[in-house]
Amino acid sequence: MGKILYTFAVALALAFLVGCGSDTGTVSGTKDGANKGAAGKKLRLAYVTNNASDFWTIARAGCEKACTELGNVDLAFRMPPENSAALQKQILEDLLAKGIDGIAISPVDPAHQTDILNDVARQVLLITHDSDAADSNRACYVGTDNFAAGKQAGELLKQALPDGGKIMVFVGVLDAQNARDRYEGIKETIKGSKVEIIDCRTDDGDRVRAKSNVADSMTKYPDVSCLVGLWSYNGPAILRAVKDADKVGKVKIVCFDEEDETLKGVKDGAIYATVVQQPYEFGYQAIKLMAKVCGGDKSAIPANKLQIVPTLAINKANVDEFWANLKKLRGK
Amino acid sequence: MTDALLELRSITKRFPGVTALQSVSLAVNPGEVVALIGENGAGKSTLMKILGGVHQADEGSIHIAGRQVTIRSVADAIKLGIGFIHQELNVLDNLDVAANCFLGREPLWGWPLRLINRPRIYSESETYLRRLGLNVSPRTPLRELSLAQQQMVEIAKALSQNARLIIMDEPSSCLTVTETDRLLETIRDLRQQGVSIIYISHRLNEVQQCADRVVVLRDGQNAGSLARGEISHQSMIKMMVGRDLKDMYVHGSGAKRPDYFQVQGLRTRAHPRHEISFSLACGEILGFAGLVGAGRSEMAQAIFGVDAPLAGTIALDGKPLTIRCANDAIRAGIYLVPEDRRRAGLVTEMTVRENVTLPGLSRWAAFGLIRRREENEVAVRQVESLRVKTPSVEARVLNLSGGNQQKVVLAKWLALTPRVLVFDEPTRGIDVGAKAEIYRLMRDLAERGVAIIMISSEMEEVIGVSDRIAVMHEGAITGVLDRTEFSEERIMSLAVGKAPVA
Amino acid sequence: MKKELGIFVLLVVLCVVVSIKNPDFLQAVNLQNMARRIGMYGIYSIGLGVVIITSGIDLSVGSVFALQGIVMSIMLENWGWPWYLATPLIVVGVMALGWLHGVMVARVGMQPFIVTLCGLLIYRGVARFISGDRALGIGAGEYGVLKALAQAKPLGVPMPFVILIVVTAVMWVLLHRSVYGRYLFAVGKNEDAARFSGINTRRVIASAYVLCMALTAISGIIFVFDTGSIQGSNFGNFYELYGIAAAVLGGCSLRGGEGSVIGIVIGTALLQVLQNLVNLLGIDSSLNFAVMGTVIFVGVLADQILTQRRAAKQSVAH
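So, how was this worked out
- Residues numbered from 1 in each chain as written.
- Chains lettered and ligands numbered in written order.
- Predicted model: local features only at pLDDT ≥ 70, side-chain atom pairs only at ≥ 80, totals over all residues.
- Heavy atoms only, no water.
- Buried < 20%, exposed > 50% of the residue type's maximum accessible area, 1.4 Å probe, protein only.
- Helix = DSSP H or I, 4+ residues; strand = E, 2+ residues; numbered from the N terminus.
- Right-handed = clockwise from strand over helix to strand, strands pointing away.
- Pairing = 2+ DSSP bridges.
- Patch = residues over 30% accessible without salt bridge, like charges linked within 9 Å, V, L, I, M, F, W, Y side chains within 5 Å.
- Areas by Shrake-Rupley, 256 points an atom, 1.4 Å probe, with all protein chains shown as cover.
- Salt bridge = Lys/Arg side-chain N within 4 Å of Asp/Glu carboxyl O.
- Contact = heavy atoms within 4.5 Å.
- Buried area = accessible area lost by both parts, 1.4 Å probe.
- Expected span 1.5 Å × (residues − 1).
- Polar contact = N/O pair within 3.5 Å; in protein donor to acceptor, adjacent residues only side chain to side chain.
- Axes fitted to C-alpha atoms, helices over the stretch in contact; angles between N-to-C directions.
- Parallel < 35°, antiparallel > 145°, perpendicular 65-115°, else oblique.
- Left-handed = near helix turned anticlockwise from the far one by under 90°.
- Nonpolar A, V, L, I, M, F, W, Y, C, P; charged D, E, K, R; others polar.
- Core = buried A, V, L, I, M, F, W, Y, C linked by side-chain atoms within 4.5 Å.

Undergrad: How would you explain the pairing of strand E5 (residues 125–129) of chain A if you had to name every residue and give the values?
TA: All names here are of chain A. With five of five residues buried, E5 lies mostly within the body of the structure. In this fold, strand E4 (residues 102–105) hands off to helix H4 (residues 114–123), which returns the chain to E5; that crossover is right-handed. Bridge analysis of E5 against strand E6 (residues 140–143) gives three bridges, and the strand direction is parallel. Looking at E6, one finds that histidine 129 is bridged to valine 142.

Undergrad: I'd like a description of a nonpolar patch on the surface, backed by residues and values.
TA: Residue and element names in this part refer to chain C. On the surface, Val108, Met110, Phe113, Ile114, Leu117, Leu121, Ile122, Val126, Phe129 and Ile130 cluster together into a nonpolar patch covering about 940 Å² of accessible area. The element that contributes the greatest number of residues to the nonpolar patch is helix H5 (residues 112–130), accounting for eight residues. Summarising the element assignment, phenylalanine 113 is placed in helix H5.

Undergrad: Can you break down the pattern of salt bridges residue by residue, with the values?
TA: According to the stated counting rule, one finds 51 salt bridges over all chains in the structure shown. Among the ionic pairs, Asp119(A) bridges to Arg122(A), the shortest N-O distance being 2.2 Å. Of this pair, Asp119(A) and Arg122(A) both sit in helix H4, three residues apart, which is roughly one turn of the helix. According to the relative accessible area criterion, Asp119(A) is partly exposed, its value standing at 33%. Take Arg122(A): its relative accessible area is 64%, and that puts it in the exposed class. As a salt-bridge pair, Arg191(B) and Asp212(B) come within 2.9 Å of each other at their nearest N and O atoms. On the criterion of sequence distance, the pair formed by Arg191(B) in helix H6 (residues 177–192) and Asp212(B) in the loop between helix H7 (204–210) and strand E11 (213–218) is long-range, its members being 21 residues apart.

Undergrad: Run through the environment of Asn376(B), naming residues and quoting values.
TA: Residue and element names in this part refer to chain B. Relative to the elements of secondary structure, asparagine 376 occurs in helix H13 (residues 372–386). When its relative accessible area of 30% is taken as the criterion, asparagine 376 is described as partly exposed. For the pair asparagine 376 and glutamate 394, spaced 18 residues apart in sequence, the C-alpha separation works out to 9.4 Å. If near-sequence neighbours (up to four positions away) are discounted, asparagine 376 is found in contact with Arg353, Val393 and Glu394.

Undergrad: Before we move on, could you go through the interface of chain C and chain B and cite the residues and values that matter?
TA: Counting residues at the interface gives 22 residues for chain C and 41 residues for chain B. A combined buried area of about 2,500 Å² lies between chain C and chain B, and 61% of that area is made up of carbon and sulfur atoms. Linking chain C with chain B are three salt bridges. The salt bridge involving Lys189(C) is made with Glu349(B); its shortest N-O contact spans 3.9 Å.

Undergrad: Got a sec to walk through helix H2 (residues 55–70) of chain A? Specific residues and values, please.
TA: All names here are of chain A. The end-to-end C-alpha distance of H2, which contains 16 residues, comes to 23 Å, matching closely the 22 Å that a straight helix rising 1.5 Å per residue would cover. Residues of H2 that are buried: Phe55, Trp56, Ile58, Ala59, Ala61, Gly62, Cys63, Ala66 and Cys67. Two residues or fewer after H2 comes glycine 71, characterised by a positive phi angle close to 85°.

Undergrad: Can you lay out the side chain of Asn404(B) for me, pointing to particular residues and giving the numbers?
TA: Residue and element names in this part refer to chain B. Here asparagine 404 is to be found in helix H14 (residues 402–414). Within the structure, the side chain of asparagine 404 is placed 2.9 Å from the backbone nitrogen of lysine 389, a separation counted as a polar contact. When sequence neighbours within four positions are dropped, the list of residues in contact with asparagine 404 reads Arg387, Val388 and Lys389.

Undergrad: Explain the packing of H14(B) against helix H15 (residues 432–447) of chain B to me, using residue names and the numbers behind them.
TA: Residue and element names in this part refer to chain B. Contact pair H14 / H15: the axes reach a minimum separation of 10 Å and the direction vectors enclose 15°. The orientation of H14 with respect to H15, classified from their angle, is roughly parallel. As for how H14 packs across H15, the hand of that crossing is left-handed. Residues Gly403, Gln406, Lys407, Leu410 and Leu414 of H14 touch H15, and the partners they reach there are Ala434, Glu437, Ile438, Leu441 and Leu445. Each residue belonging to the contact of H14 with H15 can be placed in one class, and the counts come to six nonpolar, two polar and two charged.

Undergrad: Break down the sheet that holds strand E14 (residues 276–282) of chain B for me, citing the residues and quoting the values.
TA: All names here are of chain B. Spatial ordering of the open sheet is given by E14-E13-E16-E17, a layout of four strands whose pairing is antiparallel. Each of the sheet's edge strands pairs with one partner strand only, and the pair in question is E14 and strand E17 (319–321). Averaged over neighbouring strand pairs, the angle between their axes works out to 25° when direction is ignored. Bridge count for strand E16 (residues 311–316) against E17 is three bridges, and the pairing is antiparallel. Paired with leucine 316 across the bridge in E17 is lysine 319. Against the sheet, helix H9 (residues 296–304) makes contact with strand E13 (256–267), E14 and E16, and its axis sits at roughly 105° relative to E13, the strand it touches most.

Undergrad: How would you explain the nonpolar core if you had to name every residue and give the values?
TA: Core analysis: the biggest nonpolar cluster contains 108 residues, and Tyr44(C), Ile46(C) and Phe225(C) have the highest contact counts within it. The element best represented in this core is helix H10 (residues 201–227) of chain C, accounting for 15 residues. Those residues in contact with Tyr44(C) that lie beyond four places of it in its chain are Val61(C), Phe65(C), Leu215(C), Thr216(C), Ser219(C), Phe223(C), Tyr239(C), Tyr242(C) and Gly243(C). In terms of nonpolar packing, the next biggest core, distinct from the first, is built from 72 residues, Cys282(B), Val306(B), Ala344(B) and Val352(B) among them.

Undergrad: Give me the lowdown on the pairing of strand E10 (residues 252–256) of chain A, citing residues and values where you can.
TA: Looking along a regular strand, one sees side chains alternate from face to face of the sheet. All names here are of chain A. Most of E10 is tucked away, with four of its five residues classed as buried. In this region the chain leaves strand E9 (residues 226–229), passes through helix H8 (residues 234–244) and returns to the parallel neighbour E10; the handedness of that crossover is right-handed. As paired strands, E10 and strand E11 (residues 273–276) are joined by three bridges and run parallel to one another. Across the sheet, residue valine 254 finds its bridge partner in E11, namely alanine 273. For the segment spanning E10, helix H9 (residues 260–268) and E11, crossover handedness is right-handed.

Rendered as structure tokens:
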């Protein structure tokens, strides 16, 4: 009998300990769980990412700014540790069970998540960000037009290699819509030019593997002239590998997104240019959009259900200003 | 008794639910060998553990050279000059002899690096080894030594700790006859050097040979002591058990069907170059004597199918058998009570019931599901018929004493239908009272028609129990003796490979 | 019975505390989610428990899920095989992997840790290679029965949970009432003694691995039809650890010879409740694993201390 009581005591202690450390995942929130988004009451919105990259830290800043401005939003920011559809499904289920008014998600595998997304869309407001699931019943897509971004990158490549050359492309998962669109955009733009793609290597979101992929490629193709990174952490990974191989300046780098290492690389000249999305805007605009729609303003959704956040090309000329602005935004 | 080296006065020790020792006293003089005997559960181990610093007495006092001392830890005991040689040797066989000798007290140099002073450690251990007459280099890795030699190293370790009193717990249980003699000689030497010894053993022969005094414990209390002249088997047993144990050994009424169980040309993996052939009559107890390493256990395991033989035929009641796995042997009615009952004889964490029914489980099952009630009945019946002392059949086997554990091993075979039973060292580590019971059980089985093979290293046991004795040496049978030819000398000479003394 | 009672109490207390702090826990939707997850994770955890009882281990379970998922997707989607043909093939195939593990461990004598660790690496690599490292999926085909396995809710109880109950009942009888079960425990506790009692230890050990894989196959089918998307690189990642944790919490000793089916199920439930708790109480999801690890650690530690104290009380010296 003593054992049962002992276990009971331990369990109780644990549970309260665990319970006390709660509520750190929300912003400006208390838990009451009973409100359902009536006007003036707290709106519960969720922002779900596809992995745990630095890229999303910036988006989170945007989300939180929007929440502060709106004043009546409970934010649930969910970042699964890896690109797993199973994990995202669990997160969505738990959000629905907890009670939510709107979810913005970057689906890991849109082609096969249609059923789940439609299920969610039936119950609450669902929009996609960063990576679209056009076949599903999502209300809207907020994010980059990745094809256009790819084209922008293609132009930068032509600038970086005026006499043409061979390039290698690196990304996490080629199957992600954004990766594919960017890749297509690049391919389209460099068609007919003297820039030629050797191959594309994937790393599944593993930064360590991203770097070793680059190192191996440089060894295998010593005459590669430019390395292209399609996802946010590929830029820094390429940069480190190039530095290790002592080929800074000899091999050009064009990448995407604005991790701090990337921007530093641009500033130093090691990276020719980076095409930045504006993850801050992803977060900010997604939250604002959801708030408007939940408040009854359906017209906030564009006719074609696509709210494009334009990309910028950042090179040595404008990196300082951009970075300063970014730091200011993050500082909030 | 003021010049006694050690005095334990009125030691009482209680554990939850039982009083292990009640006012026990023991005195040891310098240069004296005192044997401490008693049945299992008598309190010998507890008393020694108190002396060795593992337990603390609840009442009573300990005096060394007239001064009262408190021993709160093993380190305390060592500092007072008490050394302990345990039954299971505490040696590290991945290190060499010198390292084992000086474990924890290595001579150092090069402060603050604390490096081991290798020349010193080797020369010092050399001294102690010589003192014991052990002729090995201190650099020898321990695993290359025999068990007996490893035991010597333990003694050397105790000596190097300046032990004035060495406690030896069942030291000869894993030794051969020659090695035991060597040990007894060593004890005599130590005694002459002024070291006292407390010798705990079930082997009354050895006690008779080396003890100056015998102290007997029974049920946690002093049951008497015997001076040198009074030491005899009968007197010792009488004090240990509290009654006269009439004739431990019962002779059989004569065997029938001399070729009931036949083994021809058996070649084991351990001794592939020798062939073993013998036959056994129904109702006969054939003892197998020999030195450690003679190949007896290997033969037993080959017959039982656990260690498939390289060649040979086995026939039971005229029918030849193919035995390639234990199950084949079991199905033929040939069972083995193995040497190491805790490793191979029992699943010690399981209950008595589960152990008793394990080999024949499918007999008490329907469609693969165990029939609990039948299983229980079988277990209860066996426990009763063998008089196993256990609180219930649901008790875990590891809580039983050695003798009762051995009975459970036997029970599991008796629950089936034995036709040939092989016992490998059946009474090792079992006290006198229980031994007598096991001998009686074996004889009963023989009378009922079971053919029995008994492997034993205890000369007294082999001679007392067997109807015939086969002696093995290095994998071959060197001779088979009839009851009329039994003698220790004959058995010994056959065991060492010499032709039998006429 | 005592061990299971202990973590059952722990489970109940946790549920009560969570419900107090966030009543959403008791919502039908949430309970159904929980039940479904306990079902999915519980089925293969029982299989892992069987292997652990024989003092072995199987680290390859997660990777088998990935490989199985990829192959199922290819069979059903790419090759268009009917489900009644693909399913038994898959199950037999996975059980064959189990048989392979069993042979390596029991006959060749390799250590289970090594054999199944290699399995973990190899199967996942193969899964990724076959799928070209792209995510495969189960589309909206007519896999009626299979889909129902994962998604049906007879009487409001999710099907996976129903299946778990059935599996639990069968395995309980097998493990605690049958001859085979007794042999499993004996072999796990003392292989030598079991062999000396005539038990065919090799066959018993090898069969444990096959049984584990059989249950893994069933769980795998449910996982595939629940998620719909299978990424070779991370499908089923770490799932073997959940299973092992559930088994250990449920009273299985990694040294072998101990365990109970009910305990494993309660252990699984405990893990799932913990995960749910992290989400419902708004604890930062990055602490998910940390919370689980802490609770498991404390639970096992408490059990260890109590066992030692009980053993000390019982030791009567001679």
